[in-house]
Amino acid sequence: MKTTTRVAIIGGGVVGCSVLYHLTKLGWSDVMLLERSELTSGSTWHAAGGFHTLNGDTNMAALQGYTIKLYRELEAMTGMSCGLHHVGGVTLADNQDRFDMLVAERAKHRYMGLETEIIGPDEIAKIAPVTNTDGIIGGLYDPLDGHLDPSGTTHAYAKAARMGGAHIETHCKVLSTTQRADGTWDLVTDKGSVHAEHIVNAAGLWAREVGAMAGVYFPLLPMEHQYIVTEDVPQIAAMIDAGGEHPHVMDPAGESYLRQEGRGLCIGFYEQPCRPWAVNGTPWDFGHELLADDFDKIEDSIAFAYKRFPALESAGVKSVIHGPFTFAPDGNPLVGPVPGMRNYWSACAVMAGFSQGGGVGLTLAQWMVEGEPERDVFAMDCARFGAWITPGYTVPKVIENYQRRFSVSYPNEELPAARGLRRTPMYDHFSSMGAVWGAQFGLEVPNYFAQTGEPDFETPSFRRSNAWDAVRREVKAVRSGVGINEVHNFSKFLVSGTGARAWLDRIMAGRIPQAGRLSLTPMLSPKGKLIGDFTVSCIREGLFQLTASYGSQAYHQRWFEENMAPGVTLQNISDQRTGFQIAGPKAAEVLQSCTTVNVAEIKFLDVIELMVGSTACLAQQVSYTGDHGFELYCDPMAQRTLWDSLWEAGKPHGMTPFGMRAMMSLRLDRFFGSWLSEFSPDYTAAETGLDRFISFRKPVDFIGRSAAEAERLTTPERQLVIFEVDALVADVVAYEPVFINGTVQGFCTSGGYSHHAEKSIAFALVPRAAVTDDLQAEIEILGQLRPAKRLLEPLLLP
């Protein structure tokens, strides 16, 4: 066995083998994989082997498309069969909401280049004849869907990796992982020790146990999953004899997926009375076993399946496959560099390994070899969960996600499991004021405040929701008087030390402010992609506060720590500093009535330490609402006292609390973009207009400068523009296609309704060559093309 290697991958399932192959594909040949048993042990060997491109996240869908297209390449390269059956697949819709979701997904696919189509019941019955289409409105057909041989595919990855120089050691159990002072790792196995520069945890069912060896908690949980293979079915046999194959059928109403297996059928279920498995740890001696058959928990699912697929009722059962596989709390994989660790990488919780395994392998290999993946993969970045996450959160969220595997996903939906885990001192007080709560990064955040007669629950919808009037009331209150909301859901970092300014100048692309001022700045990757959108406040020389997206704090902290310098101290104070934003034309009057400082002398972008009532605050004259406003930061222990001072001062001015729904409407009026919508690692500063905040004059080789300079010379091919949309009952959410001159030429990044201007607004990336001042377009919303015209001036002037 090799005793030294550049990368040691732990786990020989489809994901571990994919990572191994992709590392060799990108040029790293000194890599090895350690598998405690045989390749495919764990979940891979008993997987149903289906693959599809449908995914609510467009980047995940693109990676799934990459995975599917890779299989032919593997076969050609290795001479091994993956057992591919590209039979196509149809997802059924039996109600309007499900159909709306499929129509919205089809719209996204238009600019992604995926050849899906919406089909009606008659066509469904023709291509999938075992389906009873009674009650079916329509479906989404994807010609790329299919199934394969899990074992053959995994071994094809392994052979391709060996051809690239990789080494695979089976029957080699990892016993411990210990990091050296230089960041490299010692792995002790039952066959000897290995010294590795990097570790990749791809241990699947055992990822928690392997992570614990290094002191890392991986938020994942195995779930029991069961599918049934039938004896021969006459309709399937007839299709085969005629030279055809039956497509996959996903039936969300029945929580099932169905495909052809030989001359019979295979059907699997995501049943409501589901069961987690090995909650307290996966046994080391498990691997090639199946769980006992359990027809009781899928009894209702089978009864529904008999109605949807009548041929099942008379088909004999050939075999039952009942085994565990892993989920993360939101169902997406856990991929990337583990926050707080050096040279420790995750490739875990890939529950759809044969749809996502290739994309996961590519992404992680790019991250390791090239320093960053080619696209925004935050949806599967392990940094999307913070240090606050516990098994007490993971278990109920995984169960919820399993049960919702085929549920409709609404853009305004707030899921109920594991809520209230993290609350600010204002939680009970805001609840008494009618707060309707959402969650971000585990934190409870008010979406809006329901007054008498307004809904205390926002009904999930693809259309304008029942919270419309409440949000409108809050927006109007801010624009006409003064509103107040928490600033807790901003991330906050404190940077100090003699090297603080120089470090920030290198990390941030924009100008670093002088004492008592703040600036807005993008943060770039080495390739010039946007990886942050920050406010930098210089409290005094050598002491800075950074604020950005609360949900991205672990992602950003990881980047800061990877690029740390001497003479700099970094503290994540996101939960140690809180406070309020007050915004609107009366905001200055409210602040003046509870401080001795002359508020009129506080200029835009000023930063000042002052007393508000009896509370010491850091005040900033800036507001994401676009109004005149102030951000006031304080110690969480003093937040209620600060509230009392501001609320009492605000009463004569009709101060109104407002939530995130109003905030996201208010920001539209000033054309303010949003992190992970307009600004994300998919885009560059020049594409989105953030290049106006880059300081090309500063004599610093800031990260990403060369890429930004190059783009400055060539200008990007696409441009962010803002449209007014002639919308009806629904507004743009994200990724709706933009038609220019009758063809799809762009897509929306976000949008919504401006209650101030009473206009429906869309942000979109379109070809720069097509952009004119009077640009006219059409945007597809819920299957309808709605006229849109470009806006040049903000709806609210500063």
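In this text, all values refer to a predicted model and were calculated from it rather than measured experimentally.

A.B. asks: For this particular structure, what's the right way to read the overall build of the protein?
C.D. replies: Within the protein, the regular secondary structure consists of 19 helices and 37 strands. A globule of 798 residues ought to have a C-alpha radius of gyration of about 28 Å, and the protein, at 27 Å, matches this closely. By principal-axis analysis of the C-alpha atoms, the protein measures approximately 85 × 60 × 50 Å. Taking all 798 residues of the protein together, the buried fraction comes to 61%. When the accessible surface of the protein is totalled, it reaches about 29400 Å², and 51% of it is carbon and sulfur. Of the charged side chains in the protein, 67 are positive and 92 negative, and the gap between their average positions amounts to 5 Å.

A.B. asks: So what exactly am I meant to see when it comes to helix H16 (residues 639-650) here?
C.D. replies: At 3.6 residues per turn, the α-helix brings residues three or four places apart onto the same side. Taking 1.5 Å per residue as the helical rise, H16 with its twelve residues ought to reach 16 Å, and the 16 Å between its terminal C-alpha atoms agrees with that figure. Those residues of H16 lying buried are Gln639, Leu642, Trp643, Ser645, Leu646, Ala649 and Gly650. Along the axis of H16, the buried residues cluster in a sector spanning 165°; they form a single face.

A.B. asks: Can you walk me through the sheet that holds strand E37 (residues 784-790) in this structure?
C.D. replies: Either a parallel or an antiparallel arrangement is found when strands of a sheet pair, and the pairing is made through backbone hydrogen bonds. In space, the six strands of this closed barrel follow the order E32-E35-E34-E33-E36-E37, with antiparallel pairing throughout. Direction aside, neighbouring strands of the sheet carry axes that sit 45° apart on average. Here strand E33 (residues 737-740) runs beside strand E34 (residues 743-754); their pairing, made up of four bridges, is antiparallel. Counterpart to Ile740 in the pairing with E34 is Thr743.

A.B. asks: Explain the environment of Lys191 to me, please; I cannot follow it from the model alone.
C.D. replies: For Lys191, the position within the fold is in the loop between strand E10 (185-189) and strand E11 (192-201). Given the relative accessible area of 40%, Lys191 is considered partly exposed. When the C-alpha positions of Lys191 and His171 are compared, they lie 8.5 Å apart, and in sequence the two are 20 residues distant. Side-chain polar atoms of Lys191 contact the side chain of Glu169, separated by 2.5 Å. Here the side chain of Lys191 touches Thr170 through a polar contact of 3.3 Å, landing on its backbone oxygen.

A.B. asks: Is there a simple way to explain the packing of aromatic side chains in this structure?
C.D. replies: Two descriptors summarise a pair of aromatic rings, namely the distance from one centre to the other and the angle between the planes of the rings. Within this structure, the stated rule accounts for 29 aromatic pairs. With a centroid separation of 6.3 Å and 50° between ring planes, the pair formed by Tyr21 and Tyr157 is classed as tilted. A residue pair is termed long-range when its members are at least 10 positions apart, and Tyr21 in helix H1 (residues 14-25) and Tyr157 in helix H5 (residues 150-163) qualify at 136 residues. Here the two residues Tyr21 and Tyr157 agree in accessibility, since each one is buried.

A.B. asks: Would you explain helix H3 (residues 96-112) in this entry?
C.D. replies: Here H3 spans 24 Å end to end across 17 residues, near enough to the 24 Å set by a 1.5 Å rise per residue. Buried within H3 are the following residues: Arg98, Phe99, Asp100, Met101, Leu102, Val103, Glu105, Arg106, Ala107, Lys108 and His109. Regarding H3, its N-cap is Asn95, as a side-chain oxygen of that residue lies 3.2 Å from the backbone nitrogen of Asp97 further along. Following H3 by one or two positions, Gly113 adopts a phi angle in the positive range, close to 80°.

A.B. asks: Would you mind going over the pattern of salt bridges with me for this structure?
C.D. replies: Close approach of charged atoms lets side chains of opposite charge pair. For the structure shown, the criterion picks out 42 salt bridges. With its nearest N and O atoms 2.6 Å apart, the salt bridge here joins Arg110 to Glu780. On the criterion of sequence distance, the pair formed by Arg110 in helix H3 and Glu780 in strand E36 (residues 776-781) is long-range, its members being 670 residues apart. Under the relative-accessibility criterion, Arg110 is labelled partly exposed at 33%. For the salt bridge of Asp186 with Arg180, the shortest nitrogen-to-oxygen distance reads 2.9 Å. By relative accessible area, Asp186 is classed as partly exposed at 24%. Residue class for Arg180 comes out partly exposed when judged on its relative accessible area of 38%. One network of salt bridges, in which partners are shared, links Glu224, Glu271 and Lys297.

A.B. asks: Quick question: what am I supposed to make of the pairing of strand E12 (residues 221-230) here?
C.D. replies: Looking down a regular strand, the side chains alternate between one sheet face and the other. Most of E12 is tucked away: ten of the ten residues are buried. Residues of E12 alternate between two faces, with Leu221, Met223, His225, Tyr227 and Val229 on one and Pro222, Glu224, Gln226, Ile228 and Thr230 on the opposite face, all of them buried. As paired strands, E12 and strand E16 (residues 317-327) are joined by ten bridges and run antiparallel to one another. Considered in E16, the bridge of Thr230 is made with Val317. Relative to strand E15 (residues 264-269), E12 is paired through four bridges, and the arrangement is antiparallel. Looking across to E15, one finds that Ile228 is bridged to Ile267.

A.B. asks: Mind showing me how you'd approach the nonpolar core here?
C.D. replies: With 74 residues, the main nonpolar core has Leu187, Leu334, Met508, Leu546 and Phe560 as its most contacted residues. Ranked by size, the runner-up nonpolar core spans 45 residues in total, among them Cys82, Phe354, Val377 and Ala379.

A.B. asks: I'm lost on the packing of H1 against H5 in this one. Help?
C.D. replies: Angle between the axes and distance between the axes are the two parameters that describe a pair of packed helices. Interaxial distance between H1 and H5 falls to 8 Å at its minimum, and their mutual angle equals 25°. By the angle between their axes, H1 is roughly parallel relative to H5. Taken as a pair, H1 and H5 cross one another with a handedness that is left-handed. Facing Val14, Cys17, Ser18, Leu20, Tyr21, His22 and Thr24 of H1, the residues of H5 in contact are Thr154, Tyr157, Ala158, Ala160 and Ala161. When grouped by side-chain class, the residues that make up the contact of H1 with H5 number eight nonpolar, four polar and no charged.

A.B. asks: Any chance you could explain the sheet that holds strand E24 (residues 530-540) here in plain terms?
C.D. replies: Spatially, the five strands line up as an open sheet ordered E23-E24-E25-E22-E26, and their pairing is antiparallel. Looking at which strands have only one partner, the edges of the open sheet turn out to be strand E23 (518-524) and strand E26 (569-572). Taken over all neighbouring pairs, the strand axes of this sheet differ in orientation by 25° on average, direction set aside. By the bridge criterion, seven bridges tie strand E22 (residues 490-496) to strand E25 (residues 543-549) in an arrangement that is antiparallel. In the sheet register, Phe493 faces E25, and the bridge partner there is Leu546. Taken strand by strand, helix H14 (residues 553-562) contacts E22, E23, E24, E25 and E26, and its axis lies near 75° from that of E24.

A.B. asks: What is the right way to read the side chain of Gln366 from this model?
C.D. replies: Residue position: Gln366 is located in helix H9 (residues 353-370). Setting aside anything within four residues of it in sequence, one finds Gln366 in contact with Leu26, Gly371, Glu372, Pro373 and Glu374.

A.B. asks: Would you mind going over the environment of His755 with me for this structure?
C.D. replies: Following the sequence through the fold, His755 ends up in the loop between E34 and strand E35 (759-767). In this structure, the C-alpha to C-alpha distance between His755 and Pro276, residues 479 residues apart in sequence, is 45 Å. With near-sequence residues (within four places) excluded, His755 lies in contact with Trp468, Val471, Arg472, Val475, Lys476 and Ser665.

Calculation notes
Residues numbered from 1 in each chain as written. Predicted model: local features only at pLDDT ≥ 70, side-chain atom pairs only at ≥ 80, totals over all residues. Heavy atoms only, no water. Helix = DSSP H or I, 4+ residues; strand = E, 2+ residues; numbered from the N terminus. Rg over C-alpha atoms; globule rule 2.2 N^0.38 Å. Buried < 20%, exposed > 50% of the residue type's maximum accessible area, 1.4 Å probe, protein only. Areas by Shrake-Rupley, 256 points an atom, 1.4 Å probe, with all protein chains shown as cover. Lys, Arg positive; Asp, Glu negative; His and termini not counted. Charge placed at Lys NZ, Arg CZ, Asp CG, Glu CD. Expected span 1.5 Å × (residues − 1). Arc of directions from axis to C-beta. Pairing = 2+ DSSP bridges. Axes fitted to C-alpha atoms, helices over the stretch in contact; angles between N-to-C directions. Polar contact = N/O pair within 3.5 Å; in protein donor to acceptor, adjacent residues only side chain to side chain. Phe/Tyr/Trp six-rings, centres within 6.5 Å; stacked < 30°, edge-to-face > 60°. Salt bridge = Lys/Arg side-chain N within 4 Å of Asp/Glu carboxyl O. Core = buried A, V, L, I, M, F, W, Y, C linked by side-chain atoms within 4.5 Å. Parallel < 35°, antiparallel > 145°, perpendicular 65-115°, else oblique. Left-handed = near helix turned anticlockwise from the far one by under 90°. Contact = heavy atoms within 4.5 Å. Nonpolar A, V, L, I, M, F, W, Y, C, P; charged D, E, K, R; others polar.

Function-wise, these values are silent; they only describe arrangement.
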